[in-house]
Amino acid sequence: MTAPLEFALDTFGDVTVGADGGRVSYAQVIRDVVEQAVLADRLGVDAFGIGEHHREDFAVTSPEIVLAAIAARTERIRLGTAVTVLSSDDPVRVFERFATLDAVSRGRAEIILGRGSFTESFPLFGYDLSQYNELFEEKLDLLAQLLDEGPVTWQGRLRPGQLTDQHVYPKTESGRIRTWIGVGGSPESVVRAAAYKMPLMLAIIGGRPDRFAPYVDLYHRALAQLEAEPLPVGVHSPGHLAETDAEAREELWPHYRRMIDRIGRERGWPPTNRSRFEAEADQGSLYVGSPETVAKKIADTVRTLGVQRFELKYSAGTLPHDKLTTSIRLYGEQVIPRVRELLATD
């Protein structure tokens, strides 16, 4: 694969704190996300993603609407999700919303499909969590046909009704919306992405990135066996940038700890500690530090896994807006050109 390396940023629209330490309103968080994306576009970042969540600590429940607002103020950056929780959505509506986004953005829309690591959307929209896997598989099958933009004849077991020679609108100008499948580490999900001939986005949020090399190899082997053209592989990982390593770690640590411990209480994890945080920053998949440190770490991951996109999740719990914009600026101005320089010498 000789496709040029793409650099992306994504956010879950985490509810941040202001200068007084108080929670920022949901409305202001959403407006801040728009400004962050506008900055990323101005800096030449290739793509910007927004996650979908339905819980108190995240402001964005409808990424496509926020992305449409961003589209109106940007020129070149690709706009997508991180991720669209397909299992609790309707594939027809997903296609319609993203085809509309593709129109207003002049062809810049993307989708990253996933099951979602949080499950609040299932009871909220009336879905049975016991059908977690089956819902995703069935809806992915329908959406894959819709993405071809031709007439669809389809019937599932869980979705009521049948489609017969059904067209769905609007059609896109390019004829297809670029759609990735997000995977957290299941071989079955990797093979499924290959079977549907969709690019693979690996969510590597902890541990050494090289643990995922077998999944990249599996994906390429599955595509080859299907006699499909090579497709991109991307990596999504968290991080934060400041002028120095020490500054970046000190800024991130309290917000990271609160975020991890809040989720951990829900999932039965033990509280995190500073030594775990430092180990993840040193050896794992937390890209925190100065531009030089982060650039070297990204370059190592790109070399090890042979990926075509690196996507930094720059938001981290309550980390304030001004720290996020500094991180975005350093990523665009220093990290991206430095990674390209490091890889050019290989």
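Located above this text is the structure these notes cover.
Quick notes on the rules
- Residues numbered from 1 in each chain as written.
- Predicted model: local features only at pLDDT ≥ 70, side-chain atom pairs only at ≥ 80, totals over all residues.
- Heavy atoms only, no water.
- Helix = DSSP H or I, 4+ residues; strand = E, 2+ residues; numbered from the N terminus.
- Rg over C-alpha atoms; globule rule 2.2 N^0.38 Å.
- Buried < 20%, exposed > 50% of the residue type's maximum accessible area, 1.4 Å probe, protein only.
- Contact = heavy atoms within 4.5 Å.
- Lys, Arg positive; Asp, Glu negative; His and termini not counted.
- Charge placed at Lys NZ, Arg CZ, Asp CG, Glu CD.
- Axes fitted to C-alpha atoms, helices over the stretch in contact; angles between N-to-C directions.
- Parallel < 35°, antiparallel > 145°, perpendicular 65-115°, else oblique.
- Left-handed = near helix turned anticlockwise from the far one by under 90°.
- Nonpolar A, V, L, I, M, F, W, Y, C, P; charged D, E, K, R; others polar.
- Salt bridge = Lys/Arg side-chain N within 4 Å of Asp/Glu carboxyl O.
- Arc of directions from axis to C-beta.
- Pairing = 2+ DSSP bridges.
- Right-handed = clockwise from strand over helix to strand, strands pointing away.
- Expected span 1.5 Å × (residues − 1).
- Bend = angle between axes of the 7 residues up to and from the residue.

This part takes up the overall build of the protein chain. Helix and strand counts for the protein chain stand at 11 helices and 12 strands. Relative to the 2.2 N^0.38 estimate, which gives 20 Å for 346 residues, the radius of gyration of the protein chain is 20 Å and therefore close to what a compact globule would have. Classification of the 346 residues of the protein chain by burial places 54% in the buried group. Partitioning the intrachain contacts of the protein chain with sequence separation of at least 6 by distance along the chain shows that 73% fall at a separation of at least 24. Averaged over its 40 positive side-chain charges, the protein chain has a centre that lies 2 Å from the centre of its 50 negative ones.

Another point: the packing of helix 3 (residues 91-104) against helix 5 (residues 132-146). The angle between the axes and the distance between the axes are what describe a pair of packed helices. Running from N to C, helix 3 and helix 5 cross one another at 40 degrees; their axes reach a closest spacing of 9 Å. If you check the angle between helix 3 and helix 5, you find them oblique. By crossing handedness, the relation of helix 3 to helix 5 is classed as right-handed. Contacts between helix 3 and helix 5 pair Pro91, Val92, Val94 and Phe95 from the former with Lys139, Leu142, Leu143 and Leu146 from the latter. Of the residues assigned to the contact of helix 3 with helix 5, the class counts are 7 nonpolar, no polar and 1 charged.

This part takes up the pattern of salt bridges. Applying the stated rule across the entire model yields 35 salt bridges. The partner of glutamate 6 in a salt bridge is arginine 309, and the shortest N-O contact between them spans 2.9 Å. You can see glutamate 6 sitting in strand 1 (residues 6-11) and its partner arginine 309 sitting in strand 12 (residues 309-313), a full 303 residues away along the chain. A relative accessible area of 19% places glutamate 6 in the buried class. Residues aspartate 89 and arginine 97 are paired through a salt bridge, measuring 2.5 Å at the closest nitrogen-oxygen approach. Linked through salt bridges whose partners overlap, the residues forming this network are Glu6, Arg78, Glu110, Arg178, Arg309 and Glu311.

Residues of helix 9 (residues 274-283) that are buried: Phe277, Glu280 and Ala281. For helix 9, the angular spread of the buried residues around the axis is 95 degrees, confining them to a single face. Along helix 9, exposed side chains directed more than 90 degrees from the buried face belong to Ser275 and Gln283. Looking at the packing, one finds that the buried side of helix 9 touches helix 8 (245-267), strand 11 (287-289) and helix 10 (291-305).

Before going further, it helps to examine the pairing of strand 1. The element strand 1 is largely enclosed, with a buried count of 6 among its 6 residues. Here strand 1 shows two buried faces, one formed by Glu6, Ala8 and Asp10 and the other by Phe7, Leu9 and Thr11. Direction of pairing for strand 1 relative to strand 12: parallel, over a ladder of 5 bridges. When the sheet's bridge partners are listed, leucine 9 is paired in strand 12 with leucine 312. Taking the sense of rotation as the criterion, the β-α-β connection linking strand 1, helix 1 (residues 26-42) and strand 2 (residues 47-50) turns out right-handed.

With respect to the secondary-structure elements, histidine 53 resides in the loop between strand 2 and helix 2 (63-71). Filtering out sequence-adjacent residues up to four positions away, histidine 53 remains in contact with Phe12, Phe58, Val60, Thr61 and Phe118.

A separate point is helix 8. Residues spaced three or four apart along an α-helix point in a common direction, a consequence of the helix completing one turn every 3.6 residues. In a regular helix each residue adds 1.5 Å, so 23 residues correspond to 33 Å; helix 8 covers 31 Å between its end C-alpha atoms and thus fits that length. Along its length, helix 8 shows its largest kink, about 35 degrees, at tryptophan 253, and proline proline 254 lies within four residues downstream of that point. Considered for burial, the residues of helix 8 that qualify are Ala248, Arg249, Glu251, Leu252, Trp253, His255, Tyr256, Met259, Asp261, Ile263 and Gly264. Residues of helix 8 that are buried make contact with strand 10 (233-241), helix 9, strand 11 and helix 11 (321-344). One or two steps after helix 8, the chain reaches glycine 268, where phi turns positive at roughly 80 degrees.

Such coordinate-based values are descriptive only and should not be taken to indicate function.
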